[in-house]
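# Breakdown of the fold
Spelled out, the chains give:
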Amino acid sequence: MIKAIVFDFDGLILDTETPEYESFQAMYQEHGAQLPLEVWGRHIGTDGSLFEPYQYLEECIGKPIDRESARLLRRERYAERMRGELPRPGVADYLVRGKALNIGIGLASSSSRAWVIGYLTEHRLTDSFHCVRTRDDVAKTKPDPELYLRVLETLGVQPHEAVAFEDSPNGALAAKRAGMHCVIVPNSVTRQLKFGEFDLRLDSMADMPLDTVFERIAGIRG
C-alpha cells in the first residue's frame, strides 16, 4: 500500500531546467562555444557544486570573460523565460488527489530552501506539502538518498511505501538508492538523458491519474 508521494522540484513541478540550460547555452553561443547537454546533464538534479559553467566556458574559449556581466545577462534571460511559466501539467491534480487519499505528500530538492519556497509561494503550492526538504537540510544532495530518507522519516513511512516523482537521472538514482518506487516524468531537456533504474515513465502527469500510477506500481511489484 502506498502511503506517501514525494516530488522533486526543479524540472518536475516547475520546469526551471529548460530555461536554465537555454540561458547558459545562449551565453556560450555568444562566445562562439557550445554547452553540450552531455556535460550539463550530468549535474541536473544535484546542487551543481561540481560544475562551474563560467569556468568551463573560459576553458572552452581559452580566455577569461567578464563573469559579472555574463552572470547578470544570463540571469536576466532566465527570468524573462520564466515569466508566465506554470507548474507542469498534472501536478496540481496529483497534489489534490494525494490529499484526498489522505497520504503523505513530500518534496525533496537539491536546490536551496529559499529557491524552492519562493516558487511554491508564487504558485500557491506551499500548503500542498506536509514536508519540504532541500539542500539546506542535508549533508549530501542527490544522487545521494539522504534527501528522500529525511522526507520519509518526517512522514513516518517506509521507503517501499512511497513513490518518488523525478525528472532527472540523478534524482531517480537517489530515489532508488533510498529504496523507493520511482516514476520519472522527464522535461524537454532531461528526456534526452539516459536514465538508470525506474518503475514507470510518463511524458506528463496529465497522461495518467495518480490512482492508475499506484495500480501500475502494484502490478510491477506483483
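Use the structure listed above.
### Points about the pairing of strand E2 (residues 104-108)
In terms of burial, E2 is largely enclosed, as 5 of its 5 residues are buried. Neither face of E2 is left uncovered, since the one carrying Gly104, Gly106 and Ala108 and the one carrying Ile105 and Leu107 both have all their residues buried. Bridging between strand E1 (residues 4-7) and E2 involves 4 bridges; their strand directions are parallel. When the sheet's bridge partners are listed, Ile5 is paired in E2 with Ile105. Bridging between E2 and strand E3 (residues 131-133) involves 3 bridges; their strand directions are parallel. By the bridge assignment for E3, Ala108 is matched with Arg133. In this view, the connection linking E2 to its parallel neighbour E3 by way of helix H6 (residues 113-122) has right-handed handedness.

### Considering the environment of Lys99
As for its position among the elements, Lys99 is in helix H5 (residues 91-100). For Lys99, a relative accessible area of 68% translates into the label exposed. Here the alpha-carbon distance between Lys99 and Thr46, two residues 53 residues apart in the chain, equals 28 Å.

### Here we look at the pattern of salt bridges
Counted under the stated rule, the structure contains 16 salt bridges. The salt bridge partner of Arg81 is Glu22, with a shortest N-O separation of 3.4 Å. Of this pair, Arg81 sits in helix H4 (residues 67-82) while Glu22 sits in helix H1 (residues 17-30), and the two are 59 residues apart along the sequence. Measuring nitrogen to oxygen at the nearest pair gives 3.8 Å for the salt bridge that ties Glu52 to Arg67. In this pair, Glu52 sits in the loop between helix H2 (37-40) and helix H3 (53-61) while Arg67 sits in helix H4, placing the two residues 15 residues apart along the sequence. Several salt bridges share partner residues, and in doing so they unite Asp8, Lys142 and Glu166 into one network.

Rules and cut-offs
Residues numbered from 1 in each chain as written. Predicted model: local features only at pLDDT ≥ 70, side-chain atom pairs only at ≥ 80, totals over all residues. Heavy atoms only, no water. Buried < 20%, exposed > 50% of the residue type's maximum accessible area, 1.4 Å probe, protein only. Helix = DSSP H or I, 4+ residues; strand = E, 2+ residues; numbered from the N terminus. Pairing = 2+ DSSP bridges. Right-handed = clockwise from strand over helix to strand, strands pointing away. Salt bridge = Lys/Arg side-chain N within 4 Å of Asp/Glu carboxyl O.

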